[in-house]
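# Examination of the molecular architecture
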Amino acid sequence: MVGQIGPLVQVGRKKTALAVHVLGGIAGGATIGLLLGVAVLLPRAALGDTLDTIFVVVVPAALLYTASVDLGLLKVPHVTWVRQTPGSWPCSMGHYPGIFGWGFDLGLGVTTRIPYQSTLVVPLAALLCGDLATALAITTTYGTARALAVVAAVESVPGDDYGAACDAIQERVVPLKRLVGMTALVIATLIVIS
Amino acid sequence: MARSAHFGALLVLAGVFGLAAAALVGGTAAPPVGTLPVFVLVSLSLVVGLSTAASP
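Residues numbered from 1 in each chain as written. Chains lettered and ligands numbered in written order. Predicted model: local features only at pLDDT ≥ 70, side-chain atom pairs only at ≥ 80, totals over all residues.

## Focus on the overall build of chain A
Spelled out, the test is: A helix here means a DSSP run of H or I that spans at least four residues, while a strand means a run of E at least two residues long, and both kinds are numbered starting from the N terminus. Any residue whose C-beta has 12 or fewer other C-beta atoms within 10 Å is treated as exposed, any with 20 or more as buried, and any in between as partly exposed, C-beta atoms being built from the backbone.
For chain A, the count of helices and strands is 10 helices and 0 strands. Seen through its principal axes, chain A has C-alpha atoms that stretch 55 × 35 × 25 Å. For chain A, the proportion of its 194 residues judged to be buried stands at 51%.

Here it is as structure tokens:
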């Protein structure tokens, strides 16, 4: 992302471009949260409080599974997609709409490559929480955090060596994966004991 | 130094946004799954979201 978005913000006003990217991330996260939050209204009406029991069982179980994969304890094929956000969007859609589209697509979280298996629990939890506001909070936070991470990375690059910055971050992917896995384990525990 | 401060400020901003979202939902919407699960799941979203900057 940094290697793709970094050069894009060199065209036009950098701060505007990054702000547009963050707005796209917020919009993407909110959109998937809205869709999942509305999708769960029918099962909520049909199952009632049983949905809460399903949440307490399924979400920690999913966290345990995905954490085991992210921590490297479970050697199974990763669930992921091949699709990536098309690099041609800023050309085909226009500069700022394209950057917004990048943020939106990445903020959705489920339409591009899944970097960590624990990411899959974000939409799952939003679906099973049975509450529109909670679903929105979970997914919008994801979309916003992902966009802000890109902004932070782009802003921290000296000059315009985004390729080197991307390489530097990639070298930290394994520790980051472990961090995400450990977080998922702690969260699974907290949900079970709460 | 300025870049590190900028980087840290953006991460803090993300954290504040996430916690505010969780507080808003947990405090006013009375989520059926409970307030703590909302907070921890928003935290998961934060950690996963912030960790994905390098992915394509």
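## Observations concerning the environment of Gly143(A)
All names here are of chain A. We apply this condition: Placing C-beta atoms from the backbone, we regard two residues as in contact once those atoms come within 7 Å.
Note that glycine 143 resides in helix H8 (residues 132–155). The class of glycine 143 is buried, set by 29 C-beta atoms lying within 10 Å. Residues glycine 143 and phenylalanine 104, 39 residues apart in the sequence, show an inter-C-alpha distance of 7.9 Å. Contacts of glycine 143, omitting those with residues within four sequence positions, involve Gly25, Ile26, Gly28, Gly29, Ala30, Gly107 and Gly109.

## A short note on the packing of H8(A) against helix H2 (residues 35–50) of chain B
The line we're drawing: Interaxial angle, 0 to 180 degrees, is taken between N-to-C directions of lines fitted to C-alpha atoms, where a helix line uses only the stretch in contact. Oblique is the label for any angle not under 35 degrees, not over 145, and not in the 65 to 115 range, which are roughly parallel, roughly antiparallel and roughly perpendicular in turn. Crossing handedness is defined as follows: a turn of the near helix away from the far one that is anticlockwise and smaller than a right angle gives a left-handed crossing, while the clockwise case is right-handed. Under this grouping Gly is polar, as are all residues other than the nonpolar Ala, Val, Leu, Ile, Met, Phe, Trp, Tyr, Cys and Pro and the charged Asp, Glu, Lys and Arg.
Their axes nearest at 7 Å, the elements H8(A) and H2(B) cross at an angle of 25 degrees. Considering the angle they form, H8(A) stands roughly parallel to H2(B). H2(B) is crossed by H8(A), and the crossing has right-handed handedness. Contacts from Thr134(A), Ala137(A), Ile138(A), Thr141(A), Tyr142(A), Ala145(A), Arg146(A) and Ala149(A) in H8(A) reach Val38(B), Leu41(B), Val42(B), Ser45(B), Leu46(B), Val48(B), Gly49(B) and Leu50(B) in H2(B). Residue composition of the contact of H8(A) with H2(B), grouped by class: 11 nonpolar, 4 polar and 1 charged.

## Some remarks on the interface of chain A and chain B
Counting from both sides, the interface comprises 47 residues of chain A and, opposite them, 37 residues of chain B. Residue assignment for the side of chain A that touches chain B shows that the elements contributing at least two residues are helix H4 (50–70), helix H7 (121–128), H8, helix H9 (162–170) and helix H10 (173–193) of chain A. Per-element tally for the side of chain A that touches chain B: the top contributor is H8(A), with 17 residues. In terms of residue class, the side of chain A that touches chain B is built from 30 nonpolar, 12 polar and 5 charged.

## A word on H2(B)
Spelled out, the test is: In this scheme, a helix's expected span is set at 1.5 Å multiplied by one less than its residue total.
The end-to-end C-alpha distance of H2(B), which contains 16 residues, comes to 23 Å, matching closely the 22 Å that a straight helix rising 1.5 Å per residue would cover. Burial analysis of H2(B) places 14 of its 16 residues in the buried class, which makes it a mostly covered element.

## Let's talk about the packing of H10(A) against H2(B)
Contact pair H10(A) / H2(B): the axes reach a minimum separation of 10 Å and the direction vectors enclose 175 degrees. Comparing their axes, H2(B) and H10(A) come out roughly antiparallel. Seen from H10(A), the contacting residues are Leu179(A), Val180(A), Thr183(A), Ala184(A), Ile187(A), Leu190(A) and Ile191(A); seen from H2(B), they are Leu36(B), Pro37(B), Val40(B), Leu41(B), Ser43(B), Leu44(B), Val47(B) and Val48(B). In the contact of H10(A) with H2(B), the residues fall into 13 nonpolar, 2 polar and no charged.

## Things to note about the confidence of the model for chain B
The predicted coordinates should not be examined in detail at positions where pLDDT is low. Threshold: Along the chain, pLDDT gives the predictor's confidence residue by residue, from 0 to 100.
Averaged over chain B, the pLDDT score is 73; the fraction of residues at 70 or greater is 70%. Overall fold confidence for the complex sits at a pTM of 0.86, while the interface term, ipTM, reaches 0.81.

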